[in-house]
Amino acid sequence: MTRKPLQAALMATPDETEAQFYEALQQGDLDRLMAVWADDDDVACVHPGGPRLIGEHAVRAGFEALCAAGGVPVRLAQARRVVVGNCAIHHVVEEVRITAAEGTQTGWVIATNAYVKTPQGWRMMLHHASPGTTRALQDVSDEPSTLH
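Residues numbered from 1 in each chain as written. Predicted model: local features only at pLDDT ≥ 70, side-chain atom pairs only at ≥ 80, totals over all residues. Heavy atoms only, no water.

Draft legend 1. Seen up close, the sheet that holds strand 6 (residues 121–132). What the six strands build is an open sheet, ordered 2-1-6-5-4-3; its pairing is mixed. Two strands bound the open sheet, and with one partner strand each, they are strand 2 (52–54) and strand 3 (74–84). Ignoring strand direction, the axes of neighbouring strands in this sheet form an average angle of 20°. As paired strands, strand 5 (residues 103–118) and strand 6 are joined by 11 bridges and run antiparallel to one another. Of the residues in strand 6, the one forming a bridge with A111 is A129. Relative to the sheet, helix 1 (residues 14–27) contacts strand 3, strand 4 (87–100), strand 5 and strand 6, its axis offset from that of strand 3 by approximately 155°. Along the sheet, helix 3 (residues 56–66) contacts strand 1 (44–46), strand 2 and strand 6; its crossing angle with strand 2, the most-contacted strand, is approximately 130°. (Pairing = 2+ DSSP bridges. Helix = DSSP H or I, 4+ residues; strand = E, 2+ residues; numbered from the N terminus. Axes fitted to C-alpha atoms, helices over the stretch in contact; angles between N-to-C directions. Contact = heavy atoms within 4.5 Å.)

Draft legend 2. Focus on the packing of aromatic side chains. In total, this model carries three aromatic pairs according to the counting rule given. Measuring from centroid to centroid gives 4.9 Å for F21 and Y22, while their planes differ by 80°, and the two rings are edge-to-face. Take F21: its relative accessible area is 0%, and that puts it in the buried class. Taken together, the ring pairs in this structure connect F21, Y22, W37 and F63 into an aromatic cluster. (Phe/Tyr/Trp six-rings, centres within 6.5 Å; stacked < 30°, edge-to-face > 60°. Buried < 20%, exposed > 50% of the residue type's maximum accessible area, 1.4 Å probe, protein only.)

Draft legend 3. The pairing of strand 5, seen in detail. Of the pairings in the sheet, the one linking strand 4 to strand 5 comprises 14 bridges and is antiparallel in character. Note that in strand 5 the partner of H91 across the bridge is T112. Counted along the chain from strand 4 to the antiparallel partner strand 5, the turn is two residues long. In sequence, strand 5 turns back onto strand 6 through a hairpin of two residues.

Draft legend 4. Region of interest: the pairing of strand 4. By the bridge criterion, 10 bridges tie strand 3 to strand 4 in an arrangement that is antiparallel. Within strand 4, the residue paired with R80 across the bridge is H91. Turn length for the strand 3-strand 4 hairpin, with the two strands adjacent in sequence and antiparallel, is two residues, and the turn residue G85 shows positive phi of about 60°.

Draft legend 5. Looking closely at the environment of L126. Note that L126 resides in strand 6. For L126, a relative accessible area of 27% corresponds to the partly exposed category. Measuring from C-alpha to C-alpha, the distance between L126 and W37 comes to 8.4 Å, with 89 residues separating the pair along the chain. Residues contacting L126, with those up to four places away along its chain left out, are W37, A44, T112, N113 and A114.

Draft legend 6. Spotlight on the nonpolar core. Of all hydrophobic cores here, the largest spans 29 residues; its most connected members are F21, L25, L33, W37, V59 and F63. Those elements that place two or more of their residues in this core are helix 1, helix 2 (30–35), helix 3, strand 4, strand 5 and strand 6. (Core = buried A, V, L, I, M, F, W, Y, C linked by side-chain atoms within 4.5 Å.)

Draft legend 7. Fine view of the environment of T133. Within the secondary structure, T133 is located in the segment after strand 6. Classification of T133 by relative accessible area gives partly exposed; the value is 46%. Between the alpha carbons of T133 and W108 there is a distance of 5.4 Å; along the sequence they are 25 residues apart.

Written out as structure tokens, the structure is:
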């Protein structure tokens, strides 16, 4: 993959890369959105209810269709982050607000974003999103196994 590089300082952490991704998605800026992706043939994306898109061209085409009408009104409602070495996994709940004739509708998406640290900074390897409900805002987890 070859693309115009963004300033490395803007993607010095996985959180900064994620912020760039969601800002570009909100603005419908396809070039900026694609600039956060790793330069790797195995990048992958799954939109809610959609097929697995593998490779830069397939991922770009998927986002081009998603942004055809402009930006996507999405924001992170919740995020949990794990960083191990040169890999970061963010599992997030996205809030999407759509204005229709009936008024503003809110939808929820559960997504996993995977990032890798490269010589150019942190880059996205995977965005996998599934439809969610308001129940997505409630975490279900194991009780801690040790008391502190």
